[in-house]
Amino acid sequence: DASPNQLDAKLSKIDWGSLYGALKNCQSPERWRLALRLLEELRSRRVPPDAMGCSLVISACHLGSVSERGVALFRSFTKSWFGAKVELYRTVLHSFRSAM
C-alpha cells in the first residue's frame with residue numbers, strides 16, 4: 001500500500017494524458033457525470049485544457065443527453081483558452097446535428 005505522501009505525489013502528476021483512458025470509458029449515457037468529475041479534478045489542480053480531453057468530456061455530456069452542459073463547457077474552454085482546437089468544434093457541431 002502507498003503512503004499518503006506517495007498518493008499525493010501521484011495525484012500531483014495527474015494530467016489530461018493520464019486520464020484519456022478514463023474519459024474514453026465515460027463515453028456512455030450513464031457515465032457523463034464521471035467525466036465532469038474528472039474535469040473538475042483537473043481544473044482544481046489548475047491543469048491547462050487539452051483539446052482531446054475537453055472533446056471527450058463534451059462528447060460524454062452529449063451521450064448523457066445533457067448537450068447544454070457540453071455547450072456551456074465549450075464556451076468556458078474557449079473563453080479561458082486561446083484558439084480552441086478543431087476537435088472541440090467538431091464535437092459540439094456533432095452534438096447539435098444529432099440533437100436535431
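Residues numbered from 1 in each chain as written. Predicted model: local features only at pLDDT ≥ 70, side-chain atom pairs only at ≥ 80, totals over all residues. Heavy atoms only, no water.

### Description of the overall build of the protein
Here is step 1: Along its length, the protein carries six helices and zero strands.
Here is step 2: Going from N to C terminus, the protein has its helices and strands arranged as α-α-α-α-α-α.
Here is step 3: Residues counted as buried form 36% of the 100 residues belonging to the protein.
Here is step 4: Across the protein, the fraction of contacts at a sequence separation of at least 24, relative to all contacts at a separation of at least 6, is 67%.
Here is step 5: With an accessible surface of roughly 6,600 Å², the protein has 55% of that area assigned to carbon and sulfur atoms. (Helix = DSSP H or I, 4+ residues; strand = E, 2+ residues; numbered from the N terminus. Buried < 20%, exposed > 50% of the residue type's maximum accessible area, 1.4 Å probe, protein only. Contact = heavy atoms within 4.5 Å. Areas by Shrake-Rupley, 256 points an atom, 1.4 Å probe, with all protein chains shown as cover.)

### Digging into the environment of Arg45
Here is step 1: Here Arg45 shows up in the loop between α3 (32-44) and α4 (51-63).
Here is step 2: Relative accessible area serves as the criterion here: at 33%, Arg45 is assigned to the partly exposed category.
Here is step 3: Counting along the chain gives 31 residues from Arg45 to Ile14, while the straight-line C-alpha distance between them is 8.5 Å.
Here is step 4: Among the polar contacts listed, one links the side chain of Arg45 to the side chain of Glu41, at a separation of 2.4 Å. (Polar contact = N/O pair within 3.5 Å; in protein donor to acceptor, adjacent residues only side chain to side chain.)

### Quick word on the nonpolar core
Here is step 1: Counting 23 residues, the largest nonpolar core has Trp16, Leu23, Val57 and Leu73 as the members making the most contacts within it.
Here is step 2: For this core, the secondary-structure elements that each account for two or more residues are α2 (16-25), α3, α4 and α5 (67-80).
Here is step 3: Not counting chain neighbours up to four residues away, the residues in contact with Leu23 comprise Trp16, Ala35, Leu38, Gly53, Leu56 and Val57. (Core = buried A, V, L, I, M, F, W, Y, C linked by side-chain atoms within 4.5 Å.)

### Considering α4
Every α-helix carries 3.6 residues per turn, so stepping three or four residues along brings you back to the same face.
Here is step 1: Between its first and last C-alpha atoms α4 spans 18 Å; for 13 residues at 1.5 Å apiece the expected length is 18 Å, and the two agree.
Here is step 2: Of all 13 residues making up α4, 10 are buried, and the element is well covered by its neighbours.
Here is step 3: Count one or two residues on from α4 and you reach Ser65, which has phi positive near 60°. (Expected span 1.5 Å × (residues − 1).)

### Here's the deal with the confidence of the model for the protein
Here is step 1: With 71% of its residues at a pLDDT of 70 or more, the protein has an overall mean of 76.
Here is step 2: Here helix α1 (residues 4-12) stands out as the element of the protein with the lowest mean pLDDT, 57, in contrast to α4, whose mean of 87 is the highest. (pLDDT = per-residue confidence, 0-100.)

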